[in-house]
Amino acid sequence: MRSRLKKVFIRAAKPRDYAACRRMANQKENREGLGFVSRIVFNDFAARQSKDSRYILLVAEDGQGKVVGFARALRLLNGTQTTLHEICRDMACKGGGVGRALLKKVEDMSRSHGIARFFLKVPDGIGAAKAYERFGFKRVGIESPQDFPGRKRRLKLYEKELV
């Protein structure tokens, strides 16, 4: 583990942040759990979040303004749940509090809108599952590849009550 960053700044992502986020997602240690980060989806969330608070796309910056992490989430229309779609941090910042800061910001934004549940899926065999449990998430199920045509691996389902 690396040392904790002195300061992590969280802000709304902009389309210009895509290259840095893609670079992090393509790091070998992140690639298996995250997969492909689409420029179209990234830019769509970046544009929508300023008009519709259900769309969340955040970046984390270090003290020098370098993008060192990102998170993408969506609050359901019925206002009951936020689903985390992606979260990633630069491997050079592993253990530096970037993931924790991003999760906390998404949680805080969700609570401010009265959201009761924070939900995510983790590919089976990915070490991040233990980190989510440390952050208060509880495993609530598993999705099998047989249940979803085209899916190649099992997904662990996690949930955190926010109220």
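All of the points below concern the structure found in this document. (Residues numbered from 1 in each chain as written. Predicted model: local features only at pLDDT ≥ 70, side-chain atom pairs only at ≥ 80, totals over all residues. Heavy atoms only, no water.)

## Comments concerning the overall build of the protein chain
Secondary structure summary: the protein chain contains five helices and seven strands in total. Computed over C-alpha atoms, the radius of gyration of the protein chain comes to 15 Å, within 12% of the 15 Å expected from 2.2 N^0.38 for 163 residues, which places it in the range of a compact globule. With the C-alpha coordinates aligned to their principal axes, the bounding extent of the protein chain is approximately 45 × 35 × 30 Å. When the accessible surface of the protein chain is totalled, it reaches about 9200 Å², and 52% of it is carbon and sulfur. Distance from the positive charge centre (36 side chains) to the negative charge centre (17 side chains) of the protein chain: 3 Å. (Helix = DSSP H or I, 4+ residues; strand = E, 2+ residues; numbered from the N terminus. Rg over C-alpha atoms; globule rule 2.2 N^0.38 Å. Areas by Shrake-Rupley, 256 points an atom, 1.4 Å probe, with all protein chains shown as cover. Lys, Arg positive; Asp, Glu negative; His and termini not counted. Charge placed at Lys NZ, Arg CZ, Asp CG, Glu CD.)

## Quick notes on helix H3 (residues 39-48)
Looking at H3, one finds that the buried residues are Phe42, Phe45 and Ala46. Down the axis of H3, the buried side of the element spans an arc of 100°, and every buried residue falls inside it. Those residues of H3 that are buried are in contact with helix H1 (18-25), strand S2 (55-61) and strand S3 (67-75). For H3, the N-terminal cap is Ser38; the gap from its side-chain oxygen to the backbone nitrogen of Ile40 is 3.2 Å. (Buried < 20%, exposed > 50% of the residue type's maximum accessible area, 1.4 Å probe, protein only. Arc of directions from axis to C-beta. Contact = heavy atoms within 4.5 Å. Polar contact = N/O pair within 3.5 Å; in protein donor to acceptor, adjacent residues only side chain to side chain.)

## Overview of the packing of aromatic side chains
This model, assessed by the stated rule, comprises four aromatic pairs. Considering the side-chain rings of Tyr18 and Phe42, the 5.6 Å spacing of their centres and the 70° angle between planes classify their relative orientation as edge-to-face. Taken together, the residues span a long stretch of sequence, with Tyr18 in helix H1 and Phe42 in helix H3 at a distance of 24 residues. Of the residues examined, Phe42 reaches a relative accessible area of 3% and is grouped as buried. An aromatic cluster of at least three residues, connected via ring pairs, comprises Phe118, Tyr132 and Phe137. Above the ring of Phe45, the side-chain terminus of Arg72 is found at 4.7 Å from the ring centroid. (Phe/Tyr/Trp six-rings, centres within 6.5 Å; stacked < 30°, edge-to-face > 60°. Lys NZ or Arg CZ within 6 Å of the ring centre and 35° of its normal.)

## Quick look at the pairing of strand S4 (residues 81-89)
Among the nine residues in S4, seven count as buried, and that is most of the element. Here seven bridges tie S3 to S4, and the two strands are oriented antiparallel to one another. Of the residues in S4, the one forming a bridge with Arg75 is Thr82. Connecting S3 to the next strand, S4, in antiparallel fashion are five residues, including Gly79 with a positive phi near 75°. Relative to strand S5 (residues 117-123), S4 is paired through four bridges, and the arrangement is parallel. If you follow Gln81 over to S5, its bridge partner there is Arg117. (Pairing = 2+ DSSP bridges.)

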